[in-house]
Amino acid sequence: MALATLPEFRNEPYADFSQPAVRQAAAGALRQVRSEFGREYLLRIGGEWIATGDPLVSVNPSNPREAVGIHHRATPELANHAVEAAHAYFPQWSRTPAAERVRLLLEAARILRARKMEFDAWLVLEAGKSWPEAEADVSEGIDFCEYYAREMLRLAGPQRVHQLPGEHDEMIYIPLGVGVVIPPWNFPAAILIGMAVASLVAGNTAIVKPSSETPTIAAKFAEVLLEAGFPEGCFTLLTGSGSTVGDVLVEHPKTRFISFTGSRDVGLRINELAARHRPGQIWIKRVIAEMGGKDAIVVDADADLDKAVDGVLASAFGYQGQKCSACSRAIVDAQVYDPFLEKLAAKTKNIKVGASEDFGNYMGPVISETARKTILGYIETGKREGRLIAGGEAAGGEAPPSGGGYFIPPTIVADVEPCARIFQEEIFGPVLAVTKARDFEHALGLANDSQYGLTGAVFSNDADHLRQAQERFHVGNLYFNRKCTGAMVGAHPFGGFNMSGTDSKAGGPDYLLLFLQAKSVAAKVG
Ligand code: NAP
């Protein structure tokens, strides 16, 4: 397709998993992916495949006896080598015309689209996503490719500057250098793809260090980039432990920027290490850090309670609450607190938990045994800090299925005070705290009582209250009368305030600028 005729961006449509034909295709993809289980994947540095012999085994969290992929753990020496190799290739890649980089990216989007069901199956089996959650994640990855391709064309074109008499004045955007891309496991397609392709299409060389929980999905995306024709050397796949290679990548004097999404503590560490000048370093490193959340939904006295309950449940328990945007605090006006809780507890009992590949299960496992233990610890804390009304050991709660998967039932703790740990700390699992507010003003105060500021929602029919929320609910992504998860590329540029990160707004018109620097050129004429 000629770039000049590129159609306007539109979000990738979702497959409907209630359709028998779609389910059949999904079953076929599961068989194909399972037939590849246990395969070995190598590191790719400077166009070379490299083995270290130190295995990193990823498992299916619904059934950890199944080894999904066997990867090699990078060493600190290889991390150094990766930065040197990416630095050596940067002059060549940065001089590749933007139109060519965009063409390659659109080709990657085409391949991903063709392999979408297969990618969905990898996400179901390696990340424990339900089919619709996996489909949304992979679709978002395709959206990032399509959106940033168009954005790069815009930024490569003429930029508006004032023309001085007797001069020709221009401003052009040029790439930065070597980028270290460190994604989390919870959007193993969308976030990894988004951060990697933003770096690449802007003309930077990228070292991708995927999460140790989901390295196979990263290796599959590396296949896509190579098949699309991205040249050897512009992209490095460096699997291995963040605690072993992370500091080396961040501290290397030839690293120009770090694009990180993950927990608050790791983000802060990266920010601190990157700020220190190293011998031989000739720039101030740029850090794009997107971190945790403790997202709240406010339910106003005049809200449609059924819609509010559905919005809170989808936001709190979709993908087992393992989204940075997940609702982990429901703040409910005292006038509707009791009926809201009643409806919420009743609907929660209908949520089915079990293996992700089973279409009937709304919730699958949490990502790992470590995560399961941490979340169960918070549930114990929650029982002391409030009143358990669903999950945990609540009477009438569905017993979680066993079979070795890392399952946790949807859990709700009511009557939680703002000083409680489960009100303040990110849990990253299916645990919702519910708190009573005296009135709307109090509810807004409670919603803002957090070190984080990522997403939030308000269910209300009062226009004045919604206006107040727009002004004062301090989050990067605010939603009215809908869930607080499910940001769409292009429509809802995504990123948070305060300890949620640098508000980099992925999927928005400002994002690619973070991967570029502007150069002003003024030529005397006549
Ligand atoms: P994490 O533990 O911080 O890990 C994120 C990435 O950092 C992984 O690739 C990890 O590698 C790597 N890492 C670990 N230690 C490192 C170090 N010292 N230096 C450099 N890299 C290091 O987070 P996670 O558990 O994967 O993800 C969940 C967190 O991400 C939650 O807090 C969630 O809110 C946040 N999140 C935020 C957003 C957003 O847009 N704001 C989106 C999604 C998720 P290993 O896996 O090898 O340890």
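The text that follows walks through the structure, step by step, so that each part is easy to find. Worth saying up front: this structure is predicted, and the values here are computed from it rather than measured.

Observations regarding the site of the ligand
Okay, so step 1: What surrounds the ligand is a group of 33 residues, the closest being S212, G242, S263, M291 and E426.
Okay, so step 2: Backbone polar atom of G240 to an oxygen atom of the ligand: 3.4 Å apart, as the coordinates give it.
Okay, so step 3: Between the ligand and G262, the relevant distance is 3.3 Å, taken from an oxygen atom to a main-chain nitrogen or oxygen of the residue.
Okay, so step 4: Relative to its unbound accessible surface of 910 Å², the ligand loses 86% to contact with the protein.
Okay, so step 5: Contributing elements (two or more residues each) for the shell around the ligand: helix 8 (242–251), strand 10 (255–261) and helix 9 (264–275).
Okay, so step 6: The element contributing the most residues to the shell around the ligand is helix 8, with four residues.
Okay, so step 7: Of the residues in the shell around the ligand, the class split is 14 nonpolar, 14 polar and five charged.

A short note on the pattern of salt bridges
Okay, so step 1: A complete count under the given rule lists 37 salt bridges for this structure.
Okay, so step 2: With a closest N to O distance of 2.9 Å, R44 and E232 form a salt bridge. Taken together, the residues span a long stretch of sequence, with R44 in strand 2 (residues 43–45) and E232 in the loop between helix 7 (215–228) and strand 9 (235–237) at a distance of 188 residues.
Okay, so step 3: A relative accessible area of 48% places E232 in the partly exposed class.
Okay, so step 4: The network of salt bridges with common partners includes E12, R113, K116, E135, E146 and R150.

A few points about the packing of helix 10 (residues 305–317) against helix 11 (residues 337–348)
Okay, so step 1: It is at 10 Å that the axes of helix 10 and helix 11 come closest, and there the two elements cross at 50°. As summarised for this structure, helix 10 and helix 11 are arranged oblique, according to the angle between their axes. Crossing angle aside, the handedness with which helix 10 passes helix 11 is right-handed. Residue-level inspection shows L305, D306, A308, V309, D310, V312, L313 and F317 of helix 10 in contact with helix 11, the latter providing P339, F340, K343, L344, K347 and T348.
Okay, so step 2: A breakdown of the residues in the contact of helix 10 with helix 11 according to their chemical character gives nine nonpolar, one polar and four charged.

Thresholds, definitions, all that
- Residues numbered from 1 in each chain as written.
- Predicted model: local features only at pLDDT ≥ 70, side-chain atom pairs only at ≥ 80, totals over all residues.
- Heavy atoms only, no water.
- Near = heavy atom within 4 Å.
- Polar contact = N/O pair within 3.5 Å; in protein donor to acceptor, adjacent residues only side chain to side chain.
- Areas by Shrake-Rupley, 256 points an atom, 1.4 Å probe, with all protein chains shown as cover.
- Helix = DSSP H or I, 4+ residues; strand = E, 2+ residues; numbered from the N terminus.
- Nonpolar A, V, L, I, M, F, W, Y, C, P; charged D, E, K, R; others polar.
- Salt bridge = Lys/Arg side-chain N within 4 Å of Asp/Glu carboxyl O.
- Buried < 20%, exposed > 50% of the residue type's maximum accessible area, 1.4 Å probe, protein only.
- Axes fitted to C-alpha atoms, helices over the stretch in contact; angles between N-to-C directions.
- Parallel < 35°, antiparallel > 145°, perpendicular 65-115°, else oblique.
- Left-handed = near helix turned anticlockwise from the far one by under 90°.
- Contact = heavy atoms within 4.5 Å.

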